[in-house]
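Residues per chain are reported as follows:
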Amino acid sequence: MKSWAIILKWVRWISVKKEVIIIMLFVFILIGSSPTSFAGDLQEGINRINAGEYNAGYKLILPLAEQGNSLAQTVLGSMYEQGQGVTQDYNEAVNWYLNSAEQQNALGQLYLGKMYYLGRGVLQDYGEAIKWFNLSAEQGQKDAQYNLAVMYFHGQGVQQNFSKAQNIYQNLAMQGHAKARYNLSLMFFKGKEIQQNYKEAFKWFKLSAAQGIAVAQYNLGYLYDQGKGVVQDCI
């Protein structure tokens, strides 16, 4: 018989993925903040980057960033952070993220907050991370909201506040945010920070597991095995 044990592992951080670049272009087109030629060059630059043609993408993105296009600045910062077509340089990444963030670009603010959170290209500063995450979150950036919840839960740069963390996780979970769903399920399972509720834990583990969170899939098996929040099923 298999011996099960719940994995009490919190998901702390949102990984930076290339898919975010596509989202940035979508926002760019919606707000129409630059001439059509800019949109065309940015689209082509992003296409090249996503195809792994980093040098060609860089040549298209750089002039736009230098002309003050905030989304191009965010893309360029990401290229420097990840070393795509350029030598990896966290300081340069921070500079471009800052230029973008100061123009109220929500993703630039999110990425700059991340750099302060991790101490990349800047001294680690949770207070600055909170500042930029807040500004991004106020514009509806869900990953920024998630990161605020993580910091409230762990008391990083702010006074620890489980209730506030739960509220943010809950709101994001209702909107389909996989990692928020997982962390919320852990809170309900543990019953330390909020009232224990195995049915709610099962509900959110199941939803996050369906979205590919591997540790949620394992913990879902544990709940079935132990009959916690669900009819016991050891098969």
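The structure this text deals with has already been given above.
What comes next is a walk through the structure. (Residues numbered from 1 in each chain as written. Predicted model: local features only at pLDDT ≥ 70, side-chain atom pairs only at ≥ 80, totals over all residues. Heavy atoms only, no water.)

Evaluation of the coordinates by the stated rule reveals six salt bridges. Between Lys114 and Glu81 there is a salt bridge whose closest N-O contact spans 2.3 Å. On the criterion of sequence distance, the pair formed by Lys114 in helix α6 (residues 106-118) and Glu81 in helix α4 (residues 70-82) is long-range, its members being 33 residues apart. A relative accessible area of 2% places Lys114 in the buried class. Glu81 sits in the buried class, given a relative accessible area of 4%. Of the charged contacts, one joins Lys190 and Glu193 as a salt bridge, the two residues approaching to 3.4 Å between their closest N and O atoms. Within the structure, one salt-bridge network assembled from shared partners comprises Glu44, Arg48 and Glu53. (Salt bridge = Lys/Arg side-chain N within 4 Å of Asp/Glu carboxyl O. Helix = DSSP H or I, 4+ residues; strand = E, 2+ residues; numbered from the N terminus. Buried < 20%, exposed > 50% of the residue type's maximum accessible area, 1.4 Å probe, protein only.)

Between two packed helices, what matters for the description is the angle formed by their axes and the separation of those axes. Across the interface, helix α10 (residues 178-190) lies against helix α12 (residues 214-226) with an axial gap of 11 Å and an inter-helix angle of 30°. Judged by the angle between their axes, α10 and α12 are roughly parallel. Note on packing geometry: the crossing formed by α10 with α12 is left-handed. Contacts between α10 and α12 involve Tyr182, Leu186 and Phe189 from the first element and Val215, Ala216, Asn219, Tyr222 and Leu223 from the second. (Axes fitted to C-alpha atoms, helices over the stretch in contact; angles between N-to-C directions. Parallel < 35°, antiparallel > 145°, perpendicular 65-115°, else oblique. Left-handed = near helix turned anticlockwise from the far one by under 90°. Contact = heavy atoms within 4.5 Å.)

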